[in-house]
Amino acid sequence: MTLRVVIADDEDLIRAGLRIIIDAEPDLTVVGEAADGAAVLPLVRRERPDVVLMDVRMPALDGIQATERLLALDEPPKVLVVTTFENDDYVYDALRAGASGFLLKRTRPDDLIKAVKLVAAGESLLFPAAIRALAGRRVQDGSGRVAGIDRLTGREGDVLRLITKGLSNNEIAAELVVSQETVKTHVGNVLAKLGARDRTQAVIAAYESGFVSPR
């Protein structure tokens, strides 16, 4: 199956470079480009891509607002933020809005391709150290209210703490000495109780509620 990709970036050179990288893959294809966030929603409705590569800083409508509008669709695409600076507060806001992860514009082509396929498969692209740093800049006292955080069982709490460290299900299973299927169940319960779209959303909830300290 060929994965359909939309590129949203206000720089012509960046869009052209990303298109060359993506279209060189036999199982990926660029189905549209947008130079502004306002053009993303109608483009996505028309082309129905699997993944949107989203710049966060664009005129008229930024990537954060565009991400929020996309994820309100009945069948939203996955959103992968592509940014110049990893410590950009816009990145954190885009992750809070529901983006599945972020990449730097200087990312190697192979890593970009892997990231697109990863988020298309329903996985979040999690860089725990970078997200922790972003959260540390934004979360002041850890007193934010996050629905469902107090409903986690002890073991689900253990799983969430390990997710914030970037561990995979296999690594969590080894750490807790349980089966991978058990971990998968716990992860599903954590996401459901927190109302989180994916692991990235769960990590942000853990930081903003004070369940885990980013410092």
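Residues numbered from 1 in each chain as written. Predicted model: local features only at pLDDT ≥ 70, side-chain atom pairs only at ≥ 80, totals over all residues. Heavy atoms only, no water.

Student: Kindly report on the sheet that holds strand β5 (residues 101-104), identifying the contributing residues and their values.
Tutor: Pairing between the strands of a sheet is mediated by backbone hydrogen bonds and can be parallel or antiparallel. With respect to topology, five strands assemble into an open sheet ordered β2-β1-β3-β4-β5, the strand pairing being parallel. A strand with exactly one partner marks an edge of an open sheet, and here the two such strands are β2 (28-34) and β5. Across this sheet, the average inter-strand angle for adjacent strands is 25°, counted without regard to direction. Taken together, the four bridges between strand β4 (residues 78-83) and β5 define a ladder with parallel strand orientation. Bridge pairing in β5 links Leu 80 to Gly 101. The strands that helix α1 (residues 12-23) touches are β1 (3-8), β2 and β3 (51-54); relative to β2, the one it contacts most, it runs at about 160°. (Pairing = 2+ DSSP bridges. Helix = DSSP H or I, 4+ residues; strand = E, 2+ residues; numbered from the N terminus. Axes fitted to C-alpha atoms, helices over the stretch in contact; angles between N-to-C directions. Contact = heavy atoms within 4.5 Å.)

Student: Help me get a handle on unusual backbone geometry, residues and values and all.
Tutor: The phi dihedral of Arg 48 is positive, around 50°, even though this residue is not glycine. As for its placement among the helices and strands, Arg 48 is situated in the loop between α2 (40-47) and β3. Taking relative accessible area as the criterion, Arg 48 reaches 55% and is therefore assigned exposed. Phi at Val 177 takes a positive value of approximately 55°, unusual for a residue other than glycine. In this structure, Val 177 sits in the loop between α8 (169-176) and α9 (180-194). (Buried < 20%, exposed > 50% of the residue type's maximum accessible area, 1.4 Å probe, protein only.)

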